[in-house]
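Okay, here's what each chain looks like letter by letter:
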Amino acid sequence: MRQFTAVVNPTAGGSSGAAGLLPLARLLREAGARLDTEYSRSLEHAREIALRAGAEGRVVLAVGGDGMAGRVGGALSGTDAVFGLVPAGRGNDFARALGLPTDTAGLARVLLEGTPRAVDTIEVESAVHERVHVLGSVYAGVDAVANRYANASRLLRGSASYYAGGLRAVLGWRPAAYRITVDGEPYERSGYTVVAANSGYYGFGRNIAPGARVDDGLLDVVVIGHAPRRHFFAMMNELKTGAHVHRPQVEVVRGKEIRIEADRPLPYGADGEVDAALPVTVRVRPGALNVLV
């Protein structure tokens, strides 16, 4: 029977993340599994817990949102440890990409009986991030600004915080001049954002890269070029289905190593966490994480 260590973000989902673990924990223990719970003080502390538990041969569960998933899963990238995801945040986009069940009983079955699947991760390198690993995407532009506003929101939760943050970011946006280097080939573009995506989803279920696959050894680089604001708002609505990729302002290329630079120190986000500015280099790490699905 599997032994689990749950790494919990006690503030995820407006403090509901920790409470959401309780019914799942009961099902796991009733099935005979051993479950220990560790509460993280920070994302760095979560990383330390994950490394220790993984080295002990335990299945490491990230309980929280995409930031927690990225930090815990990223810590286990390149190791033999098995990773499990308990989505309890506002976005839960990597769980969505994996097709994990949203009901407690279904998720318990995955954790107890699921087979580990090797998925890709993203190595992120910059002046701030010295080769950390994340799972879903790295994005630089108006979406990172919006994400920063959403993370800081105290009045709005869930999708409402993302929409409000997006509106505020777009209204104050001026086009950025990007230099994007994909596997050594440079692209000069002006626009709203550049996204290097392993998972297709970000920003509370927006299908930014509908062609992205978590196990193809490639990152989908989505560039949203300059357009009038009214067109950008229409594109934001199309992100629900991925239809935005058919617009002439949207370009998608694929590669293994991407460097993103801009004409000003734009913020970039990595799995929902926005704490650094361009330039940044990202690399795919094929099949680096064993995740229960």
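Residues numbered from 1 in each chain as written. Predicted model: local features only at pLDDT ≥ 70, side-chain atom pairs only at ≥ 80, totals over all residues. Heavy atoms only, no water.

Peer 1: So what's going on with helix 8 (residues 229-238)? Which residues, and what values?
Peer 2: Owing to its 3.6 residues per turn, the α-helix aligns residues three or four sequence positions apart on the same side. Taken together, the buried positions of helix 8 are F232, M235 and M236. Burial along helix 8 is one-sided: seen end-on, the buried residues are contained in an arc of 105°. (Buried < 20%, exposed > 50% of the residue type's maximum accessible area, 1.4 Å probe, protein only. Helix = DSSP H or I, 4+ residues; strand = E, 2+ residues; numbered from the N terminus. Arc of directions from axis to C-beta.)

Peer 1: With reference to specific residues and values, describe the packing of aromatic side chains.
Peer 2: Within the structure shown, the criterion is met by two aromatic pairs. For the pair Y139 and Y202, a centre-to-centre distance of 5.2 Å together with 85° between the ring planes defines the contact as edge-to-face. In this pair, Y139 is assigned in strand 7 (residues 137-141) and Y202 in strand 10 (residues 201-202), connecting sequence segments 63 residues apart. Ring centres 4.0 Å apart and planes at 20° place the aromatic pair Y192 and F232 in the stacked group. Here Y192, found in strand 9 (residues 185-197), pairs with F232, found in helix 8; they are 40 residues apart in sequence, far enough to count as distant. For the pair formed by Y192 and F232, the shared burial category is buried. When the ring centre of Y201 is taken as origin, the NZ or CZ atom of R96, which lies over that ring, is 5.9 Å away. (Phe/Tyr/Trp six-rings, centres within 6.5 Å; stacked < 30°, edge-to-face > 60°. Lys NZ or Arg CZ within 6 Å of the ring centre and 35° of its normal.)

Peer 1: How would you summarise the nonpolar core if you had to cite specific residues and measurements?
Peer 2: Counting residues in hydrophobic clusters, the biggest one holds 50 residues, and the most contacted among them are V138, Y178, I180 and V282. When residues of this core are assigned to their parent elements, the largest contribution, six residues, is made by strand 9. Leaving out residues up to four positions away in the same chain, V138 has contacts with I122, V124, V194, V195, A196, Y268, G269, A270, V280 and V282. L21, L28, V59 and A69 belong to the second-largest nonpolar core, a separate cluster that totals 45 residues. (Core = buried A, V, L, I, M, F, W, Y, C linked by side-chain atoms within 4.5 Å. Contact = heavy atoms within 4.5 Å.)

Peer 1: How would you sum up the pattern of salt bridges? Please name residues and give values.
Peer 2: By the definition in use, this model includes 19 salt bridges. Residue E123 pairs with R285 through a salt bridge whose shortest N-O separation is 3.2 Å. With E123 in strand 5 (residues 116-125) and R285 in strand 17 (residues 280-292), this residue pair connects regions lying 162 residues apart in the sequence. Given the relative accessible area of 5%, E123 is considered buried. Given a relative accessible area of 30%, R285 falls into the partly exposed group. When the shortest N-O distance is used, the salt bridge between R264 and D263 registers 3.8 Å. Here R264 falls in the buried class, since its relative accessible area comes to 17%. (Salt bridge = Lys/Arg side-chain N within 4 Å of Asp/Glu carboxyl O.)

Peer 1: Describe unusual backbone geometry, listing the residues and the values that go with them.
Peer 2: With an omega of 10°, the peptide bond between L278 and P279 qualifies as cis. Inspection of the secondary structure assignment puts P279 in the loop between strand 16 (273-277) and strand 17. Even without a glycine there, the phi angle at N92 is positive, about 55°. Note on placement: N92 falls in the loop between strand 4 (82-87) and helix 4 (93-98). Backbone geometry at F204 places phi at a positive 65°, although glycine is not the residue there. Along the chain, F204 turns up in the loop between strand 10 and strand 11 (206-207).

Peer 1: Which residues make up a nonpolar patch on the surface, and what values go with them?
Peer 2: Where nonpolar side chains cluster on the molecular surface, the patch consists of L167, L171 and F233 and spans about 260 Å² of accessible area. Examined against the element boundaries, L167 turns out to sit in helix 7 (residues 158-171). Residue classification places L167 among the partly exposed positions, given a relative accessible area of 42%. (Patch = residues over 30% accessible without salt bridge, like charges linked within 9 Å, V, L, I, M, F, W, Y side chains within 5 Å. Areas by Shrake-Rupley, 256 points an atom, 1.4 Å probe, with all protein chains shown as cover.)

Peer 1: Can you break down the packing of helix 2 (residues 43-55) against helix 3 (residues 66-76) residue by residue, with the values?
Peer 2: A pair of packed helices can be characterised by two numbers: the angle between their axes and the separation between those axes. Contact geometry of helix 2 with helix 3 gives a least axis separation of 8 Å together with a crossing angle of 40°. Between helix 2 and helix 3, the crossing angle belongs to the class labelled oblique. The chirality of how helix 2 crosses helix 3 is right-handed. Each of L43, E44, A46, R47, A50, L51 and G54 in helix 2 lies in contact with helix 3, whose residues at this interface are G67, M68, R71, V72, A75 and L76. Among the residues forming the contact of helix 2 with helix 3, the class breakdown is eight nonpolar, two polar and three charged. (Axes fitted to C-alpha atoms, helices over the stretch in contact; angles between N-to-C directions. Parallel < 35°, antiparallel > 145°, perpendicular 65-115°, else oblique. Left-handed = near helix turned anticlockwise from the far one by under 90°. Nonpolar A, V, L, I, M, F, W, Y, C, P; charged D, E, K, R; others polar.)

Peer 1: Residue-level account of the pairing of strand 1 (residues 3-8), with values.
Peer 2: Most of strand 1 is tucked away: five of the six residues are buried. With six bridges joining them, strand 1 and strand 2 (residues 34-39) adopt parallel strand pairing. From the neighbouring strand, V8 faces strand 2, where its bridge partner is Y39. Pairing between strand 1 and strand 3 (residues 59-64): five bridges, direction parallel. Bridged to F4 within strand 3 is V59. (Pairing = 2+ DSSP bridges.)

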